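Chain by chain, the residues:
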Amino acid sequence: MSDPTGPHLAPVPDEAAFAAPRVKPRVKKLRLLAILLPLTVLAGISTVFGMMMAVASDLPALEQLPQVAKRKNSVLTDINGKRLTTLTSNQGRIIVSSNQIGAYAKYAVIAIEDRRFYENSGVDLRGIGRALYQDVVQGRQAQGGSTIAQQFVKNALQAQSRRTVFEKLREAAMAYHLTRKWSKERILTEYLNSVYFGNGAYGIEAAARTYFSADPNHAGCGTSGHPMCAEQLTPAEAALLAAIIASPSGYDPVVHQAAARQRRNLVLKNMLDQKRLTVELYRDAISSPLGPKLSPPHVDTRKGSEYFVSWVRQSLVDQVGPQRAFEGNLRVRTTLDVDLQQAAQQAVNNYLSWPGGPTASVVAIDNQSGEVRAMIGGRDYNKAPFNLATQGQRQPGSSMKPFILAQALKEGIGPGAVFPSRKRYFKVKGSTEQFVVNNFQDEYAGQSTVANALTFSDNAVFAALGIKVGTKKVARLAERMGIRTPVSSNLAMTLGGLREGVTPLDMAHAYETFATRGKRVSGTLGTAKDGPVGIHEIKRVTGTDTEPKPYKKNRLVTKRVLSAKLAETETQLLTGPVKYGTATRAQYGGFAAGKTGTTENSGDAWFVGFTDRWTIAVWVGYPTTLKPMLNEFRGTSVTGGTFPAMIWHDFVVAANKIITDRNDKERAKKGLPPLSATSSTPSGTVTSPQVGAPMAPREGAAPAGQGTTGGSTGGTAPQDQAPATTTPAAPSTTPTPTPTPTPTPTPTPTTPGTPTPPATGDPGTGGGTGGTGTTGGTGAG
């Protein structure tokens, strides 16, 4: 039967062909998720913020948190418990009112720390977003998102480091709460009274006095009848103080002038953009010199330890934060040994006590622990608080040569390798100029082994050796060993002519790597990363009792930089200058190794050496300028083998006696005989001087032309002008060098290039620039 047809009937549809398409449920789920996700996030934020507000309401009243509450100062002692000082900020803490703070100071801080200060509610979401974006783009923590209110709360709570997410949220909640209790002006004023500005300056007024009260334009500020120093700050000065806040050590305008200037100029640019400065004021401020002239902190410190305390104070701030450091009632056991400190000062006074003459800086580090036991940073801290030991970047001269030797030994060039000893010409890569190296008075050996060249400081040999192994490799090795200032790789660096000088602290730290068989020694409480150590342990005081266990204790940190075999070989070779060469005045009767350094025209003189116990760096020169010392040593030039070696010798003799006497007292308590009675020549102790060892000088040596006592009768060292007498016999363990007449050389440039003239005027930077890197440097033997 056929299917019915007709106009009144429609064909039966095919169900498969005309089935309605299914709606994909995934689209609806995505839409639902897009709606619910923001709501969930918002609910989460509301819940967390509400919880934090509840936490904030349970805290003590905010008026009890600021710095105006009473706190107790921390106390510093030496390694043996002898009191050094009660730690206070510069001038104490000086609280000022809002109208005693200049407008430029307020504008500068807002410009760099919280540009939306007057608009935000204590938490700046836009600022946080901007900071997160920059962190992601740059792959590091590039910006901070904290407002001034949040920073104030953090300072008040002493939450300086290792803050958890919960603590940060609590701070944000309190900052939000704070803006509803206090006016913006009060928050800003309390913040400026509490923030740390480096160099012991705690609060805006203390900072203004510390950095600028010595300026004649601010004479009398802060005293009776005069405005507060913070009230008189110029735009440039205010911008500099605001620049320091983010990193008081990194933007220290005394130590890191370039970084501080760059940061200050950024603050000024922000102030201009925010219409807080006119174009004319901006131009004047941007072109003005950095200008800080530190006024020393007013602290009651044990005499002779002021420079060390000024250094270790910043280290403590880095460890625990400024508020806890100054007012946390801590008991800080430092690494200084007061007896050794006095011995170092006496060693300097033996030779350099006359007014107007050169001065010395001394750093002594314990080889076993990497802790600083003595530090002489200048002649008088109250008159010149600039610390030559930690901040004085001077040219090292030939004391750089051991780093060249270490790199040569790494590459298989042995101490017996022979190099020409004659006037040398080296082509400067990418230039038509030549690097010309001369020996002093054009005296050469013809040829010399590396060992001989080290002993008698032959520049011709070491310039060739440094260029052969690569100046970049030498520079990087010196930095890995402990030099923290950038070591330039220009050809002049082979003679110690650097663009940026080195400090006695870093030189001692780097040479210590030789003394410790190739391991760079530092500690968990060291200064900066892998730096020397000034704090042994930190304890907290609760009530009237000191906690028995340290809050923080220094733990030894070592890193192998040189192989033990290489370090031992270098150590043997470094005994040569002391036994036969440029440093015979350092001989004291026990093991000693080291190297002298003297820059052109005797502007800087060094001896850096080590014993079994200590590594000691001694620098001698004029502290505020590069002044030739051509007749200060008995009418002749000061070189590394004169005052520096003699000071080094006297310190080692006195320090060894101090340690021996202490050991004998301990042995006596146990009923044992003195150490000197059990061994005729115990390791590291003082014995009768060998032939050629220097005699102990009288105190208060006279200036040039009046004669001094002391000094060596040791081997010939023409370049350091040691008197020529009999050379002691060499031990079988050390290759015997043959003396060569290669005294202190002076590298000279050829035309058309000339070296950059040495810097003068800035404390500790007068060591010269070491040339432009394309011509001869300033370093001498």
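What comes next is a walk through the structure. (Residues numbered from 1 in each chain as written. Predicted model: local features only at pLDDT ≥ 70, side-chain atom pairs only at ≥ 80, totals over all residues. Heavy atoms only, no water.)

Some thoughts on the nonpolar core
One finds Leu 316, Phe 403, Phe 435, Met 507 and Phe 514 to be the most contacted residues of the largest nonpolar core, which totals 82 residues. Looking at which element gives the most residues to this core, the answer is helix α12 (residues 306–320), with seven residues. Every residue in contact with Leu 316, bar those within four places of it in the chain, is listed here: Leu 76, Leu 87, Gly 321, Ala 325, Val 332, Ile 535 and Ile 538. (Core = buried A, V, L, I, M, F, W, Y, C linked by side-chain atoms within 4.5 Å. Buried < 20%, exposed > 50% of the residue type's maximum accessible area, 1.4 Å probe, protein only. Helix = DSSP H or I, 4+ residues; strand = E, 2+ residues; numbered from the N terminus. Contact = heavy atoms within 4.5 Å.)

With respect to the state of the cysteines
In the structure shown here, the tally under the stated rule is one disulfide. The disulfide partner of Cys 221 is Cys 229, and the S-S distance across this bridge is 1.9 Å. Handedness here is read from the sign of the S-S torsion; for Cys 221 and Cys 229, about 85°, the answer is right-handed. The exposure class of Cys 229 is buried, given its relative accessible area of 2%. (Disulfide = S-S within 2.5 Å.)

Here's the deal with the packing of helix α16 (residues 401–410) against helix α19 (residues 471–481)
Packed helices, taken two at a time, are described by the angle their axes make and the gap between the axes. At a closest axis distance of 9 Å, the pairing of α16 and α19 adopts a crossing angle of 110°. It follows that α16 is roughly perpendicular to α19 by the angle criterion. Contact residues: Phe 403, Ile 404, Ala 406, Gln 407 and Lys 410 in α16; Lys 473, Val 474, Leu 477, Ala 478, Arg 480 and Met 481 in α19. For the contact of α16 with α19, the class distribution of residues is seven nonpolar, one polar and three charged. (Axes fitted to C-alpha atoms, helices over the stretch in contact; angles between N-to-C directions. Parallel < 35°, antiparallel > 145°, perpendicular 65-115°, else oblique. Nonpolar A, V, L, I, M, F, W, Y, C, P; charged D, E, K, R; others polar.)

Regarding a nonpolar patch on the surface
Together, Leu 30, Leu 33, Leu 37 and Val 41 make up a nonpolar patch on the protein surface, roughly 390 Å² of accessible area in all. For Val 41, the position within the fold is in helix α2 (residues 25–58). We classify Val 41 as partly exposed; its relative accessible area is 45%. (Patch = residues over 30% accessible without salt bridge, like charges linked within 9 Å, V, L, I, M, F, W, Y side chains within 5 Å. Areas by Shrake-Rupley, 256 points an atom, 1.4 Å probe, with all protein chains shown as cover. Salt bridge = Lys/Arg side-chain N within 4 Å of Asp/Glu carboxyl O.)

Some words on helix α3 (residues 103–113)
Note on helix geometry: an α-helix contains 3.6 residues per turn, so any two residues three or four positions apart are oriented the same way. Along α3, eight of the eleven residues are buried, which leaves the element largely enclosed by surrounding structure. Turning to α3, its buried residues are Ala 105, Lys 106, Ala 108, Val 109, Ile 110, Ala 111, Ile 112 and Glu 113. Contacts made by the buried residues of α3 are with α5 (148–156), α7 (184–194), α9 (235–244) and α10 (257–273).

Observations regarding the packing of aromatic side chains
One pass over the structure, following the stated rule, counts 19 aromatic pairs. Relative to Tyr 202, the ring of Tyr 196 lies with its centre 6.1 Å away and its plane at 80°, an arrangement referred to as edge-to-face. According to the relative accessible area criterion, Tyr 196 is buried, its value standing at 4%. Through pairs of rings, three or more aromatic residues link up here, namely Tyr 351, Trp 354, Phe 633 and Phe 643. Here the guanidinium or amino end of Arg 186 rests over the ring plane of Trp 182, the centre of that ring lying 3.8 Å away. Cation over ring: Lys 627 sits above Tyr 622, and NZ or CZ is 4.5 Å from the ring centre. (Phe/Tyr/Trp six-rings, centres within 6.5 Å; stacked < 30°, edge-to-face > 60°. Lys NZ or Arg CZ within 6 Å of the ring centre and 35° of its normal.)

Considering helix α21 (residues 564–579)
Helix length check: α21 (16 residues) gives 23 Å between terminal C-alpha atoms against 22 Å at 1.5 Å per residue, within 8%. Buried within α21 are the following residues: Ala 564, Leu 566, Ala 567, Glu 570, Thr 571, Leu 573, Leu 574, Thr 575, Gly 576, Pro 577 and Val 578. Where the residues of α21 are buried, they touch α16, α17 (450–455), α20 (504–515), β14 (556–560), β15 (593–599) and β16 (604–610). (Expected span 1.5 Å × (residues − 1).)

Quick look at the pattern of salt bridges
Tallying each qualifying case throughout the model produces 20 salt bridges. Of the charged contacts, one joins Arg 373 and Asp 366 as a salt bridge, the two residues approaching to 3.9 Å between their closest N and O atoms. In this pair, the class of Arg 373 matches that of Asp 366, namely buried. The closest approach of N and O atoms between Arg 394 and Asp 604, which form a salt bridge, is 2.8 Å. Note that Arg 394 is positioned in the loop between α15 (388–391) and α16 and Asp 604 in strand β16, a separation of 210 residues in sequence. Residue classification places Asp 604 among the buried residues on the basis of a relative accessible area of 0%. Several salt bridges converge on common partners, so that one network encompasses Lys 82, Asp 337, Asp 339 and Arg 662.

Quick look at unusual backbone geometry
In this model, Lys 275 sits at a positive phi of 60°, which is unusual for a non-glycine residue. One can find Lys 275 in the loop between α10 and α11 (279–287). A positive phi angle, near 60°, is found at Asn 601, a position not held by glycine. By the secondary structure assignment, Asn 601 is in the loop between β15 and β16.

Section: the environment of Ser 353
By the element assignment, Ser 353 lies in the loop between α14 (338–349) and β4 (359–366). Residue Ser 353 is classed as partly exposed on the basis of its relative accessible area, which comes to 37%. As for Ser 353 and Arg 379, which are separated by 26 residues in sequence, their C-alpha atoms are 8.7 Å apart.

Examining the side chain of Thr 503
If you trace the backbone, Thr 503 turns up in the loop between α19 and α20. Here Thr 503 is in contact with Ala 389, Thr 390, Gln 391, Gly 392, Gln 393 and Trp 606, once residues within four sequence places are set aside.

Some points on the environment of Val 541
Tracing the sequence through the fold places Val 541 in strand β11 (residues 535–542). The exposure class of Val 541 is buried, given its relative accessible area of 13%. Note: C-alpha distance between Val 541 and Asn 329 (212 residues apart in sequence) is 5.8 Å. Setting aside residues no more than four positions away along its own chain, Val 541 makes contact with Asn 329, Arg 331 and Thr 546.

With respect to the packing of α16 against α21
Here α16 crosses α21 at 135°, and the two axes come no closer than 10 Å. Here α16 lies oblique to α21, going by the angle between them. Viewed along their axes, α16 and α21 form a crossing whose handedness is right-handed. Touching Pro 402, Leu 405, Ala 406, Leu 409 and Lys 410 of α16 are Leu 566, Thr 569, Glu 570, Leu 573 and Leu 574, all from α21. Tallied by class, residues from the contact of α16 with α21 come to seven nonpolar, one polar and two charged. (Left-handed = near helix turned anticlockwise from the far one by under 90°.)

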